[in-house]
Amino acid sequence: EEESVDNNSEEEDLDAVLEHYSFPHACGGINRIRVCPHNSDVVGVWSDSGVVSLYNIGGALDMLDRSSSLGINSARKEDSAAKHQLPPAARKMRKDPFFVYSGHSAEGYA
């Protein structure tokens, strides 16, 4: 019981870390973001100029998952084998949209 109290206090003492990954978007301000319901790696971004861009964010998600796993494992002082376990290799990172549609004259998605 005393050991679990020590683990909780160690976790509470850690500073919060916010990690992010950004993608270039040159088509104005972003009004909406939607995630594809059957493939969460695909994100649609609608701009205030009516341009819809589709991004594959799978590589960025992999990088954030990998970074998160490293942080969790280094924060916990478990056996050395657990510290060095990493998620599978990240998928190829693609920062540019794989599809852009500029035919909207009003707000909405293609």
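Examining the overall build of the protein chain
Alright, step 1. What the protein chain contains, in helices and strands, is three helices and four strands.
Alright, step 2. When the helices and strands of the protein chain are placed in sequence order, the string is α-β-β-β-α-α-β.
Alright, step 3. Out of the 110 residues belonging to the protein chain, those deemed buried represent 20%.
Alright, step 4. A sequence separation of at least 24 residues applies to 53% of the contacts in the protein chain between residues at least 6 apart.
Alright, step 5. Surface accessibility of the protein chain: about 8100 Å² in total, with carbon and sulfur atoms responsible for 50%.

Comments concerning the sheet that holds strand E1 (residues 30-35)
Alright, step 1. The strand order across the open sheet built from four strands is E1-E2-E3-E4, with neighbouring strands paired in antiparallel fashion. Two strands close off the open sheet at either side, each with one partner strand: E1 and strand E4 (99-101). Across the sheet, the axes of successive neighbouring strands diverge by a mean angle of 20°, strand direction being ignored.
Alright, step 2. In this sheet, strand E3 (residues 52-56) lies alongside strand E2 (residues 42-47) in antiparallel orientation, the contact comprising five bridges. Residue pairing across strands places Val-42 opposite Asn-56, the latter belonging to E3.

Things to note about the pairing of E1
Alright, step 1. Relative to E2, E1 runs antiparallel, the two sharing five bridges. Looking at the pairing, Arg-34 lines up with Gly-44 of E2.
Alright, step 2. Where E1 folds back onto E2 in an antiparallel hairpin, the turn is made up of six residues.

What counts, and where the lines are drawn
Residues numbered from 1 in each chain as written. Predicted model: local features only at pLDDT ≥ 70, side-chain atom pairs only at ≥ 80, totals over all residues. Heavy atoms only, no water. Helix = DSSP H or I, 4+ residues; strand = E, 2+ residues; numbered from the N terminus. Buried < 20%, exposed > 50% of the residue type's maximum accessible area, 1.4 Å probe, protein only. Contact = heavy atoms within 4.5 Å. Areas by Shrake-Rupley, 256 points an atom, 1.4 Å probe, with all protein chains shown as cover. Pairing = 2+ DSSP bridges. Axes fitted to C-alpha atoms, helices over the stretch in contact; angles between N-to-C directions.

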